[in-house]
Amino acid sequence: YCGGGLFALSSAWAFEQVVGLEISETNVQSARANARTNNITNAKFEAGRAEDLFANIVDSFPGSASAVVLDPPRAGCSPDFLCQLLDFGP
């Protein structure tokens, strides 16, 4: 999950658009505030589970033209998420 947006915001200069996913709405608000503070306008942050990510972005981000940065928790990524990631094909 993206937390306060460190990876998304520090790499936003290299992409047309970046999306950070975070399970905590409080952290989403922090990431959005960090984007505003740093005048980063091409970063979007959403609250939700990783397993639900691809249902919401497939139309906006074609897998073949996308990159995914993973910094998974100690438990790792769920098998469901990993299957969806492989199907997405970044």
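Along every chain, residues carry numbers that run from 1 in the direction the sequence is written. Owing to the predicted nature of the model, reporting of local features is limited to residues with pLDDT of at least 70; listing and counting of side-chain atom pairs is limited to 80 or more, with chain, interface and lining totals taken over all residues. The side-chain figures draw on all heavy atoms in the structure; neither hydrogens nor water molecules are used.

If you had to explain the environment of glutamate 25 to someone new, which residues and values would you point to?
Within the secondary structure layout, glutamate 25 lies in helix 2 (residues 25-37). A C-alpha to C-alpha distance of 5.6 Å links glutamate 25 and alanine 47, two positions 22 residues apart in sequence. The contact criterion used throughout is that any non-hydrogen atoms of two residues lie within 4.5 Å. Setting aside residues up to four positions removed in sequence, glutamate 25 forms contacts with Arg32 and Ala47. Polar side-chain contacts of glutamate 25 include one of 2.7 Å to the side chain of glutamine 29. Numbering of helices and strands starts at the N terminus; helices are DSSP runs of H or I of at least 4 residues and strands are runs of E of at least 2. We define a polar contact as two N or O atoms separated by no more than 3.5 Å, with the added condition that, inside protein, one atom must be a possible hydrogen donor and the other a possible acceptor, whereas residues neighbouring each other in sequence contribute only through side-chain atom pairs.

I'd like to hear about the pairing of strand 1 (residues 18-22), residue by residue, with values.
For every residue, the accessible area obtained with a 1.4 Å probe (protein chains only) is divided by the maximum for its type, and the residue is called buried under 20%, exposed over 50%, and partly exposed between those limits. Counting buried positions along strand 1 gives 4 out of 5 residues, so the element sits mostly inside the fold. The criterion for strand pairing is that DSSP finds at least two bridges linking the strands in question. Bridge count between strand 1 and strand 2 (residues 43-47): 5 bridges; the pairing is parallel. Paired with glycine 20 across the strands is phenylalanine 45, a residue of strand 2.

Could you give an account of the nonpolar core, with specific residues and numbers?
Side chains that are nonpolar tend, in soluble globular proteins, to be buried together. Nonpolar cores were defined as sets of buried Ala, Val, Leu, Ile, Met, Phe, Trp, Tyr and Cys residues, with membership established by side-chain atoms within 4.5 Å. Core analysis: the biggest nonpolar cluster contains 10 residues, these being Cys2, Ala8, Leu9, Ala12, Val18, Val28, Ala31, Ala35, Ala43 and Phe45. For this core, the elements supplying multiple residues, two or more each, are helix 1 (6-11), helix 2 and strand 2. Tallying contributions element by element places helix 2 first for this core, with 3 residues. Contact partners of cysteine 2, with chain neighbours within four places excluded, come to Gly20, Leu21, Glu22 and Phe45. Counting 9 residues, the second-largest nonpolar core is a separate cluster that includes Ala50, Leu53, Phe61 and Phe88.

Residues and numbers for the side chain of glutamate 51, please.
Within the element layout of this structure, glutamate 51 appears in the loop between strand 2 and helix 3 (53-57). The class for glutamate 51 is buried, based on a relative accessible area of 19%. Among residues more than four places away in sequence, those in contact with glutamate 51 are Tyr1, Ser78, Asp80, Phe81 and Gln84.

So what's going on with unusual backbone geometry? Which residues, and what values?
Leaving glycine aside, a negative phi is the common case for residues, and trans is the common case for peptide bonds. A positive phi angle, close to 55°, is found at asparagine 39, a residue other than glycine. Classification of asparagine 39 as exposed rests on a relative accessible area of 67%.

Would you mind going over the layout of surface pockets in detail, with residue names and values included?
In this analysis, the protein atoms alone were mapped onto a 1 Å grid. Cavities are point sets where a 1.4 Å probe fits without being able to get out; pockets are open sets with protein on both sides within 12 Å along at least five of seven lines; lining residues have an atom within 4 Å of a point. Grid points are joined across faces, edges and corners, and a volume is the space filled by probe spheres set on the points. The computed volume of the largest pocket comes to approximately 1,000 Å³. Residue lining of the largest pocket: 35 residues in total, with Val19, Leu53, Ala67, Val68 and Val69 positioned closest to the centre. Sorting the residues of the lining of the largest pocket by element identifies helix 1, strand 1, helix 3 and helix 4 (79-88) as the ones contributing at least two each.

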